[in-house]
Amino acid sequence: MNFELTEERQMLQDTLRRFLADKYDVKTRNEILESERGMSADIWAQLAELGVLGALFSEEDGGFGGAGFDIAVVFEELGRAGVVEPVLETCILGGGLIAVLGNETQKGLLETVIGGEVMLALAHSEPRSRYDLNRVETTFADGKLSGHKSMSLGAPNASHVIISARESGEVDAQDGISLFLVPVSELDMRATPMMCGGMAADIYLDGVAVSDDMRLGAAGAAFPHLETVFASAITALCAQTLGGMESATKLTVEYLQTRKQFGKPIGTFQALQHRLSDMLIELEQARSAVIGAAGYLEADAALRDRYVSGAKNLMGRSGRMIAEEAIQMHGGIAMTQEFELAHFAKRIIMADSMFGDTDHHLGRFIALSAA
């Protein structure tokens, strides 16, 4: 197989890498993390101007990409620089659902998303749902939403939030789940910063009135579309984690070459060379897993989900190993906010808890393989 990027994707990667290397240093990131919104409106506008947001949507939706490898290229670079802006939340989760299910009016939002004017979010997870997409306790009845959505990624900065609710069936049935595009002005939201950067929110729905024009797609038929969009989100998260793992490994190599002990760079010590070799092996395995997930993102659902779960399981294991080894070989400096390894390590570790951890996806991979 030819694993080289197309000319367009190579140009996108080079442009984004140069931009982030110039604009997204440790000082800038720390200022963003300490800001009230947990993101930079200026960086967001420049990402839109560069066409980065448009690369995550198909031509039919006003973009110029949207395929698995477009997603992988963009998020690997975002992960490499430790970007905390809500690209995944807006373009993959929120924008992805509107692209698949939205009517003509709702799809009009995508133009403003691609232009960097509007941000979106998805409120699907609940306190008792864990990682099961089909478990939805929030209800829609008599034109009103009632329930509690927890850790809705990117919601505090969004103008609209897509909310999942059950119209029929048991609490864990796949059928009966609907989606509604609701302006944030209608929602009771409690925002919180996340440890790995970015913002999330708990949303309390106490009889929130929604009209028919807020519905995305057909009533009770959202589940397969949620699976499709979450497959893209997991692939994006894996690519983003890969970028963070690459940066953590690069920082470790540089540190081993400059830090001296007994008059020699510590990188000359064989024990540390062996540990670094293990990191590089895990990194290459992770890269292969991301390529596999991105390559099968447009395949049939069962095959797609098997590759996606396999990648997410491996990224959780390999990512933790690289983060822990990088911290141990750096020593105390690795835990300081002024040194960017601490940020990468947090994002790598926290990524395992998003959209299903290693145990969840191992079980899912086994079940899909048996089927």
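Rules used throughout
- Note that residues are indexed from 1 along each chain, following the sequence as it is written.
- In view of the model being predicted, local features appear only for residues whose pLDDT reaches at least 70, and side-chain atom pairs are presented and counted only at 80 or more, with totals across whole chains, interfaces and linings using the full set of residues.
- The basis for the side-chain values is all heavy atoms of the structure; hydrogens and waters are excluded.
- Secondary structure elements follow DSSP: runs of H or I of four or more residues count as helices, runs of E of two or more count as strands, with numbering from the N terminus.
- For the radius of gyration, the atom set is restricted to C-alpha positions; the globular benchmark scales as 2.2 Å times the number of residues to the power 0.38.
- Using a 1.4 Å probe on the protein chains alone, a residue whose accessible area is under 20% of its type maximum counts as buried, one over 50% counts as exposed, and one in between counts as partly exposed.
- In what follows, residue pairs with any heavy atoms lying within 4.5 Å of each other are defined as contacts.
- In these tables, accessible area is a Shrake-Rupley quantity obtained with a 1.4 Å probe, and a residue counts as shielded only by the protein chains included in the view.
- In what follows, salt bridge is the name for a side-chain nitrogen of Lys or Arg lying within 4 Å of a carboxyl oxygen of Asp or Glu.
- Pairing between two strands is assigned when DSSP locates at least 2 bridges connecting them.
- Every patch collects residues that have over 30% relative accessible area and no salt bridge, joining them within 9 Å if they carry like charges and within 5 Å if they are nonpolar side chains (Val, Leu, Ile, Met, Phe, Trp, Tyr).
- Given a helix with a known number of residues, its expected span is that number minus one, times 1.5 Å.
- Lines fitted to C-alpha atoms define the axes, with helix axes restricted to the stretch in contact, and inter-axis angles between N-to-C directions lie between 0 and 180 degrees.
- Roughly parallel covers angles under 35 degrees, roughly antiparallel covers those over 145, roughly perpendicular covers 65 to 115, and oblique covers all other angles.
- In this scheme, a crossing is called left-handed if the near helix is turned counterclockwise away from the far one by less than a right angle; it is called right-handed if the turn is clockwise.
- Gly falls in the polar group here, along with every residue not listed as nonpolar (Ala, Val, Leu, Ile, Met, Phe, Trp, Tyr, Cys, Pro) or charged (Asp, Glu, Lys, Arg).
- Definition of nonpolar core: a set of buried residues of the types Ala, Val, Leu, Ile, Met, Phe, Trp, Tyr and Cys, connected through side-chain atoms within 4.5 Å.
- A pair of aromatic rings is counted whenever rings of Phe, Tyr or Trp (Trp by its six-membered ring) have centres within 6.5 Å, and the orientation is called stacked for planes under 30 degrees apart, edge-to-face for over 60 and tilted otherwise.
- Geometrically, a charge over a ring is one whose NZ (Lys) or CZ (Arg) sits within 6 Å of the ring centre while staying within 35 degrees of the ring normal.

A. Structural view of the overall build of the protein chain. Helices and strands together make up the secondary structure of the protein chain, namely 11 helices and 10 strands. Over its C-alpha atoms the protein chain spans a radius of gyration of 21 Å, differing by no more than 12% from the 21 Å that the globule rule assigns to 371 residues. Within the protein chain, buried positions represent 53% of all 371 residues. Long-range contacts, defined as pairs at least 24 residues apart, comprise 74% of the intrachain contacts of the protein chain with a sequence gap of at least 6. On the protein chain, roughly 16700 Å² of surface is accessible, and the fraction owed to carbon and sulfur atoms is 51%.

B. Region of interest: the pattern of salt bridges. Counted by the stated rule, this structure contains 19 salt bridges. Of the charged contacts, one joins Glu76 and Arg80 as a salt bridge, the two residues approaching to 3.3 Å between their closest N and O atoms. Taken as a pair, Glu76 and Arg80 lie in helix α4 (residues 68-81) at a separation of four residues, close to a single helical turn. Owing to a relative accessible area of 12%, Glu76 belongs among the buried residues under this scheme. Given a relative accessible area of 24%, Arg80 falls into the partly exposed group. One network of salt bridges, with partners in common, ties together Arg17, Glu76, Glu77, Arg80, Glu246, Glu284 and Arg287.

C. Local environment of the pairing of strand β3 (residues 144-153). Examined bridge by bridge, strand β2 (residues 139-141) and β3 share three bridges and lie antiparallel to one another. From the neighbouring strand, Thr139 faces β3, where its bridge partner is Ser146. Linking β2 back to β3 in an antiparallel pair, the connection comprises two residues, with Asp142 at a positive phi of about 55 degrees. Strand direction decides the pairing type here: β3 and strand β7 (residues 199-209), joined by eight bridges, are antiparallel. Directly across from His148, in β7, lies its bridge partner Tyr204.

D. Summary view of a nonpolar patch on the surface. Residues Leu362, Phe365 and Ile366 make up a contiguous nonpolar surface patch of about 250 Å² in total accessible area. On the basis of relative accessible area, Leu362 is assigned to the partly exposed category, the value being 39%.

E. Local environment of α4. Taking 1.5 Å of rise per residue, 14 residues should cover 20 Å, and α4 covers 20 Å from first to last C-alpha, within 8% of that figure. Most of α4 sits inside the fold, with 12 of its 14 residues counted as buried. If you check which residues of α4 are buried, you get Gly68, Asp70, Ile71, Ala72, Val73, Val74, Phe75, Glu76, Glu77, Leu78, Gly79 and Ala81. Among the residues trailing α4, Gly82 stands out with phi positive, at a value near 70 degrees.

F. Molecular detail of the environment of Leu251. Relative to the assigned elements, Leu251 resides in helix α7 (residues 223-258). Along the primary structure Leu251 and Leu341 are separated by 90 residues, whereas in three dimensions their C-alpha atoms are 7.2 Å apart. The residues touching Leu251, leaving out its near neighbours within four places in the chain, are His330, Phe339, Glu340, Leu341 and Phe344.

G. Structural context of the packing of helix α9 (residues 301-330) against helix α10 (residues 341-351). Contact geometry of α9 with α10 gives a least axis separation of 8 Å together with a crossing angle of 155 degrees. Viewed along their axes, α9 and α10 adopt a mutual orientation that is roughly antiparallel. Handedness of the crossing formed by α9 with α10: left-handed. Side by side, α9 and α10 meet where Lys312, Gly319, Arg320, Ala323, Ala326, Ile327 and His330 of the first sit next to Leu341, Ala345, Ile348, Ile349 and Ala351 of the second. Taken together, the residues that form the contact of α9 with α10 break down as eight nonpolar, two polar and two charged.

H. Inspection of the nonpolar core at higher detail. Ranked by size, the top nonpolar core spans 99 residues in total, and within it Leu56, Val74, Phe75, Val87, Leu88 and Phe355 carry the most contacts. Among the elements that make up this core, the one with the highest residue count is α7 (17 residues). Contact partners of Val87, with chain neighbours within four places excluded, come to Trp44, Leu47, Leu53, Leu56, Phe75, Leu78 and Ile92. Counting residues in hydrophobic clusters, the runner-up holds 18 residues, among them Ala165, Phe180, Leu187 and Met214.

I. Region of interest: the environment of Glu324. Structurally, the position occupied by Glu324 is in helix α9. What makes Glu324 partly exposed here is its relative accessible area of 38%. For the pair Glu324 and His148, spaced 176 residues apart in sequence, the C-alpha separation works out to 35 Å.

J. Seen up close, the packing of aromatic side chains. Under the defined criterion, the tally for this structure stands at three aromatic pairs. A cation sits over an aromatic face here: Arg29 above Phe344, 5.5 Å from the ring centre.

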